[in-house]
Structures are given as C-alpha cells and as structure tokens.
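# Topology and contacts: notes
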Amino acid sequence: MKCADVVKYLSDYLDGNLSDELVAEARAHVATCKNCHVVLDSTQRTILLYRERGRTAGLPPKRHAALYAQLEAAMVGRSDDDCEK
Ligand SMILES: [Zn+2]
C-alpha cells in the first residue's frame, strides 16, 4: 500500500467500513510511514475533538469534506519514495 492508497481508504478506515485485510495493510503502511502516521494522527484528533463536543455523528459533512480535501492536497505531489518498503 502506498500513501495515495492510505488517503483513498482513510475515510472508510476511520468510519470502520474497511475490510480487515485493508485495515491490516493500512496499519502496516502507517507503521512504517511517518508521513501517513502524522496525517492519520491529526485526522483522528480532529474527529475526536468533534465527538468530545457532543457531535456524536462525527464531523459535519462540510467539515468532513474539507478535511479530506486538505489531506488529499497534502498528499498530492509528494513522492512515495519514502514508502516503498
Ligand atoms: Zn505513506
């Protein structure tokens, strides 16, 4: 799995909709990729923050979309060289 794949599956991963196999692959990648680790960590913190504020449904759709657009923008143009392990 590459960084682009992690971003692609991130939404489903965080929502718990990803298959066990893909979750395992994503975790294996994140464990070895500092870039994705930071992205995943900050994303989870953002979502937790919203949940702690009582928005149990998670991020508002607009914020949700903006967050993932931001993540994709952060990944675009990055080299996957660091992740080819
Ligand atoms: Zn990565």
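The present account deals with the structure reproduced in this document. Every value quoted in this text rests on a predicted model; they were computed, and no experiment measured them.

### Here's the deal with the environment of Pro60
If you trace the backbone, Pro60 turns up in the loop between helix H3 (34-52) and helix H4 (61-75). As for Pro60 and Ile47, which are separated by 13 residues in sequence, their C-alpha atoms are 10.0 Å apart.

### Concerning the nonpolar core
The nonpolar side chains of a soluble globular protein tend to be buried, and buried together. Core analysis: the biggest nonpolar cluster contains 16 residues, and Leu10, Tyr13, Leu14, Cys36, Leu40 and Tyr68 have the highest contact counts within it. Counting only elements with at least two residues in this core, the list comes to helix H1 (3-15), helix H2 (20-32), H3 and H4. It is H1 that provides the largest number of residues to this core, a total of 5 residues.

How each quantity is defined
Residues numbered from 1 in each chain as written. Predicted model: local features only at pLDDT ≥ 70, side-chain atom pairs only at ≥ 80, totals over all residues. Heavy atoms only, no water. Helix = DSSP H or I, 4+ residues; strand = E, 2+ residues; numbered from the N terminus. Core = buried A, V, L, I, M, F, W, Y, C linked by side-chain atoms within 4.5 Å. Buried < 20%, exposed > 50% of the residue type's maximum accessible area, 1.4 Å probe, protein only.

Limitation: the analysis is restricted to geometry and does not speak to function.
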